[in-house]
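# A closer look at the structure
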Amino acid sequence: MHSRCDLACDHCYIYEHADQTWRGRPREIAPETVDAAATRIAEHAREHGLRRIHLVLHGGEPLLLGTAGLAMVLTRLRAAIEPVAELDLRMQSNGVLLTPQLCDLLVEHGVQVGISLDGDAAANDRHRRFAGGASSHVQVRRALALLRRPEYRHNYAGILCTIDVRNDPIRVYEALLAEAPPRIDLLLPHATWNSLPPRPDGAATPYADWLLRIYRRWIRDDKPVDIRLFDSLLATGVGERSGTESVGLDPAGLAVIETDGAWELADSMKTAFDGAAGTGLDVFRHSADALASHPEFARSQRGLARLCQTCRDCPVVGQCGGGLRAHRYSDADGFDNPSVYCADLKHLITSMNREPGPGAARIAVAAGLGGPGGDLLLDGLPAGDLLDDLGAGHGSAANLRRLAAAQLGYLRGLLVQLADRIAGTPVAAAWDLIARLDEEAPDVVSAVFAHPYLRRWARRCLAPPVGDSPDWAHLGALAAAVAIRAGANADLEVPLRSGLVQLPGLGALGLDEPGERSARLSVAGGGFTARAGRSAVMVPPTGSAPPPATWLPLRSVGLGGWEILVEDLDPYRDCHEWPVAVRLDPARLTSWRRSLAGAWTRIQRHVPGQVPGLRVGLRAVTPLRGDPTGRLLSAASRDAFGAVGTVLAAPDPLAELLVHEFQHVKLGAVLDLSLLYDPAYPRRLTVPWRNEPRPLEGALQGTYAHLAIAELWRARPGGQARQHYRRYRGWTARTIDELAATGALTEHGERFVGRMRETVDSWSDDPR
Ligand code: SF4
Ligand code: SF4
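A quick note: this is a predicted structure, and the numbers were derived from the prediction, not measured. (Residues numbered from 1 in each chain as written. Chains lettered and ligands numbered in written order. Predicted model: local features only at pLDDT ≥ 70, side-chain atom pairs only at ≥ 80, totals over all residues. Heavy atoms only, no water.)

## Considerations on the site of ligand 2
What counts here: Any residue with a non-hydrogen atom lying within 4 Å of a molecule or strand is treated as near it. Think of a 1 Å grid over just the protein atoms. A cavity is a set of points where a 1.4 Å probe fits yet cannot get out, a pocket is an open set with protein on both sides within 12 Å along at least five of seven lines, and lining residues have an atom within 4 Å of a point. Just a note on the criterion: a molecule sits in a pocket or cavity if more than half of its atoms are within 2 Å of the grid points. By definition, any uninterrupted DSSP run of H or I lasting at least four residues is a helix, any uninterrupted run of E lasting at least two residues is a strand, and each is numbered from the N terminus.
Residues in contact with ligand 2, as listed here, are Cys-311, Cys-314, Val-316, Val-317, Cys-320, Gly-322, Pro-338, Ser-339, Cys-342 and Lys-346. Mapping ligand 2 onto the cavity grids shows that it belongs to the second largest cavity. Breaking the shell around ligand 2 down by element, the ones donating at least two residues are helix H13 (317–320) and helix H14 (342–354).

Structure follows, in structure tokens:
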């Protein structure tokens, strides 16, 4: 927005580091440049169907534009982009010029404002000074006080703090906390192998040591604020996205537009060498797609393939991702180095993984496999065993139990995050009850948490889809399910959806109170009474007395020593690609029972190796709405471990659908634990079972499913079965070769795919 600044911070990477291109740029962005930029962004959103664009107004100092200049920019951006996509507008400022008038303008345009502050006065004054050397601390704190006012608070995005290890970390933390920011960003000072970061007294890991002192205090304080670096490393530790360009392997999807309209790479690159962020493209002549296909832009993306061998072999690369690209630069090797903060990052990540915090302690189970290689453990057992066992195509009962335990750890991690968000709200009482019962009856809590669709609900609460708000109230229903199964006493508010109180894993109760959106549940002795409006309905403990007619229990099918739920109630079951069926009537349920029993007989006969894993890992079948053309629809969801969605089919095809989808369930759980491939691998693979090329994960998933289907047809009699077997075996073998040829598989990935290959190679062309 503005290429100059009213401060002269000596650690500023825009003015004080290698890149000096700011000198030749216009001071202010011109209206026609704003229009061209906005047009390019809108065009890109339209062409790619993007529903949301994140735009950060940056500088230099964007407030130097003044009220009129900013109003011009904001009005033009909104006018061009909002008809196409939702616009998430932010601004990063030093705050010196912030006034109530400017705040009013930013509120009017919905701009979230982040302010830079390095800690208390002494810490901030080390670097953040005016050109004459005067402190900026008073002005910056005044800006923060302004943003804390009730009328502006909503637009206060947080504080950005650049680390100087000479400052006491706890004093910095407390000074930042005192400003009540919604979020803190702790940034490593930009440095390269040419220009090393200061390491006072020659300490080996001063940045990790500094950050860990804050981390441990933050955990002790029960995480009073989001700290992005810690949140990102904890998230990547359980296979979530990092949400930042500084750590992790996710593609960044970030471009910079300068005041002259130049398209540039992330501005941290300016620390590497003069012109390092440049592409030669601009918004007047080039689209965002042209930028995306620019070789430098492609090279600057995150991902394993763009890392040096040391990083590729590193056990924490899934979390670290080699740090910021700019921090890997040296004149001698370009970016083909580990981060200049490598020792710090490794020490920070391994320490955090060992100390994930009390509430998140069980996340550690899920974090066990985090890296791409190495001798890692899961539940104290070598992870390689699990990869070998699952990769060969089946999965033992013991390994399925390990996957289920890791999924439970994953869900618990999500719930801890969710509990942080609801602290102080009325829903927090439901969480407190769950936490208490987790101490008193942990097995009951774990049994309820094992229900497949809770993860989907928790994830949608933490990151609701555009236009949705978090369904915190469902936590009341979850707490009620726990209390009922534990035989505890409780009084809870639960949502009433379309006249139903839905209790995960138990069933639903109809209450004829159309105007009501919630009900009060009094739980005691394994039963409960629900009240809403003028209705009060009692559901007695199971087996003690007949339930009311409006109680719809979740039903199951006994399959000789184990049971599978027919999940036709859960409000979060609709995640299987195709529409789900409504509650089955008795006749339809009977048909399902018959087909499932028949399918199970066939699975036992034709793929006995799948039986132990299915008995442990498959908890629920979710009926899908039938396709009018009779097409056999089925799907699994990464967010629903233990569930398979399928239409009703005859036993033979149903056996095939169940085995196929359960392969996806298993592989999804493995992918939650282990980095099998480079997530930033850009190419799509041609696969024989689809017309259009598939992303690498899709190709891997399809191959794993077809491996099991080939085995199933291998055991079936008849000429047609032989043909099917040859087709599936051929597809599997061919795509295994494709996957191996990408070079994008990690050591774990090569091991997993190698076992698949061994299985296929052990089968002859003739099935018998
Ligand atoms: S306020 Fe920001 S842009 Fe301005 S000199 Fe300081 S670090 Fe650089
Ligand atoms: S810790 Fe070091 S070696 Fe490992 S990924 Fe990060 S920079 Fe690379």
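Back to the text.
## Considering the pairing of strand S21 (residues 620–623)
Along a regular strand, successive side chains alternate from one face of the sheet to the other. Keep this limit in mind: Relative accessible area decides the class of each residue, using a 1.4 Å probe on protein chains only: under 20% of the type maximum gives buried, over 50% gives exposed, and in between gives partly exposed. The criterion for strand pairing is that DSSP finds at least two bridges linking the strands in question.
Here S21 shows no split at all, with Ala-620 and Thr-622 on one side and Val-621 and Pro-623 on the other all buried. Both S21 and strand S23 (residues 643–646) contribute to a ladder of 4 bridges, which runs parallel. By the bridge assignment for S23, Pro-623 is matched with Thr-646.

## Side note on the pattern of salt bridges
Put simply, the rule is: Whenever a carboxyl oxygen of Asp or Glu lies within 4 Å of a side-chain nitrogen of Lys or Arg, that contact is scored as a salt bridge.
In total, this model carries 46 salt bridges according to the counting rule given. Here Glu-758 makes a salt bridge to Arg-755, at a shortest N to O gap of 3.2 Å. Note that Glu-758 and Arg-755 are positioned in helix H27 (residues 747–761) at a spacing of 3 residues, about one turn of the helix. Through salt bridges with shared partners, a single network forms among Asp-19, Arg-25, Glu-258, Asp-260, Glu-264 and Lys-270.

## Thoughts on the site of ligand 1
Rules: As a working rule, the residues Ala, Val, Leu, Ile, Met, Phe, Trp, Tyr, Cys and Pro are called nonpolar, Asp, Glu, Lys and Arg charged, and the rest polar, with Gly in that last group.
Every residue near ligand 1 is listed here: Cys-5, Leu-7, Cys-9, Cys-12, Gly-60, Asn-94 and Arg-128. A class-by-class count of the residues in the shell around ligand 1 yields 4 nonpolar, 2 polar and 1 charged.

## Side note on the nonpolar core
So the rule is basically this: Remark: nonpolar core denotes a set of buried residues (Ala, Val, Leu, Ile, Met, Phe, Trp, Tyr, Cys) joined through side-chain atoms within 4.5 Å. By definition, residues are in contact when any of their heavy atoms lie within 4.5 Å.
Residues Leu-77, Leu-186 and Phe-230 are the most contacted members of the largest nonpolar core, which totals 82 residues. No other element matches helix H8 (residues 206–220), which puts 9 residues into this core. The contact partners of Phe-230, leaving out residues within four places of it in the chain, are Leu-186, Leu-211, Ile-214, Tyr-215, Trp-218, Leu-348 and Met-352. Core analysis: the second largest hydrophobic core is formed by 69 residues, Val-566, Val-621, Ala-710 and Ile-736 among them.

## Details of H14
Just so we agree on the cut-off: Expected helix span is computed as 1.5 Å times (number of residues minus one). Working definition: the arc comes from the directions between the helix axis and the C-beta atoms, pointing outward to the latter.
The first and last C-alpha atoms of H14 sit 18 Å apart over 13 residues, in line with the 18 Å expected at 1.5 Å per residue. For H14, the full list of buried residues reads Asp-344, Leu-345, Leu-348, Ile-349, Ser-351 and Met-352. Along the axis of H14, the buried residues cluster in a sector spanning 170°; they form a single face. Here the buried face of H14 lies against H8, helix H9 (228–237) and H13.

## Some points on the domain arrangement of the chain
Just so we agree on the cut-off: Where a domain begins and ends is set by an automatic assignment or by a domain database.
With domains assigned, the chain is organised as domain 1 (188–252 + 301–355), domain 2 (424–553) and domain 3 (586–761). Taking only C-alpha atoms, the centre of domain 1 and the centre of domain 2 are 41 Å apart.

## Comments concerning the layout of surface pockets
Put simply, the test is: Grid points are joined across faces, edges and corners, and a volume is the space filled by probe spheres set on the points.
Of the volumes computed, that of the second largest pocket is approximately 1,000 Å³. If you trace the second largest pocket, you find 31 residues lining it, with Ser-634, His-660, Glu-661, His-664 and Arg-690 closest to the centre. Of all the secondary structure elements, the ones that give two or more residues to the lining of the second largest pocket are strand S22 (634–635), helix H24 (651–673), helix H25 (696–715) and helix H26 (719–741). Of the residues assigned to the lining of the second largest pocket, the class counts are 13 nonpolar, 10 polar and 8 charged.

## Looking at the sheet that holds strand S16 (residues 527–532)
Rules: Fitted lines through C-alpha atoms give the axes, limited to the stretch in contact for helices. The angle between two N-to-C directions lies from 0 to 180 degrees.
Pairing in this open sheet of 4 strands is antiparallel, and the strands run S12-S15-S16-S17 from one edge to the other. The sheet terminates laterally at strand S12 (490–495) and strand S17 (535–539), the two strands that pair on one side only. Direction aside, the axes of adjacent strands within the sheet are offset by 20° on average. Here 5 bridges tie S16 to S17, and the two strands are oriented antiparallel to one another. Counterpart to Ala-530 in the pairing with S17 is Val-537. The sheet contacts of helix H21 (residues 474–486) involve S12, strand S15 (518–524) and S16, and relative to S12 the element is tilted by about 140°.

## Focus on helix H7 (residues 169–177)
Note the cut-off: In the analysis that follows, any N or O atom pair within 3.5 Å is treated as a polar contact, provided that within protein one partner can donate a hydrogen and the other can accept it, and provided that, for residues neighboring in sequence, both atoms belong to side chains.
Regarding H7, the residues found buried are Pro-169, Ile-170, Val-172, Tyr-173, Ala-175 and Leu-176. Considering only its buried residues, H7 is in contact with helix H4 (121–125), strand S4 (156–162), strand S5 (183–187), H8 and strand S6 (226–227). Taking the backbone nitrogen of Ile-170 as reference, a side-chain oxygen 3.2 Å away marks Asp-168 as the first, capping residue of H7.

## Side note on the sheet that holds strand S14 (residues 507–510)
Strand order in the open sheet formed by 3 strands is S13-S14-S18, with antiparallel pairing between adjacent strands. Among the strands making up the open sheet, the edge pair consists of strand S13 (500–503) and strand S18 (551–553). When strand polarity is set aside, the average angle formed by the axes of neighbouring strands in this sheet is 15°. Bridge count for S14 against S18 is 3 bridges, and the pairing is antiparallel. Residue pairing across strands places Ala-508 opposite Leu-552, the latter belonging to S18.

## Re the confidence of the model for the chain
Atom-level detail of predicted coordinates should not be read off regions where pLDDT is low. Which entries qualify depends on this criterion: Confidence of the predictor in every single residue is expressed as pLDDT, which spans 0 to 100.
Confidence in the prediction for the chain averages 92 pLDDT; 96% of positions are at 70 or higher. Across residues 359–377, where pLDDT falls below 50, the model places 58 contacts with residues more than four positions away in sequence or in other chains.

## A closer look at the environment of Gly-645
By secondary structure assignment, the location of Gly-645 is in strand S23. Residue Gly-645 is classed as buried on the basis of its relative accessible area, which comes to 0%. Sequence-wise, Gly-645 and Cys-12 are 633 residues apart; in three dimensions their C-alpha atoms are separated by 54 Å.

## Section: the packing of aromatic side chains
What counts, and what does not: A pair of Phe, Tyr and Trp rings is counted when the ring centres sit within 6.5 Å of each other, with Trp represented by its six-membered ring. The angle between the planes then sorts it: under 30 degrees is stacked, over 60 is edge-to-face, the rest tilted. Counted as over-ring charges are cases with an Arg CZ or a Lys NZ within 6 Å of the ring centre that also lie within 35 degrees of the ring normal.
Under the definition given, this model contains 13 aromatic pairs. Measuring from ring centre to ring centre gives 5.0 Å for Tyr-329 and Phe-335, while their planes differ by 55°; the resulting arrangement is tilted. On the basis of relative accessible area, Tyr-329 is assigned to the buried category, the value being 9%. Considering the side-chain rings of Trp-562 and Trp-600, the 4.9 Å spacing of their centres and the 65° angle between planes classify their relative orientation as edge-to-face. On the criterion of sequence distance, the pair formed by Trp-562 in the loop between strand S19 (555–558) and strand S20 (563–566) and Trp-600 in helix H22 (residues 586–606) is long-range, its members being 38 residues apart. For the pair shown, Trp-562 and Trp-600 are each scored as buried. Linked through ring pairs, Tyr-215, Trp-218 and Phe-230 together constitute an aromatic cluster. When the ring centre of Tyr-410 is taken as origin, the NZ or CZ atom of Arg-455, which lies over that ring, is 4.0 Å away. A cation sits over an aromatic face here: Arg-727 above Tyr-728, 5.2 Å from the ring centre.

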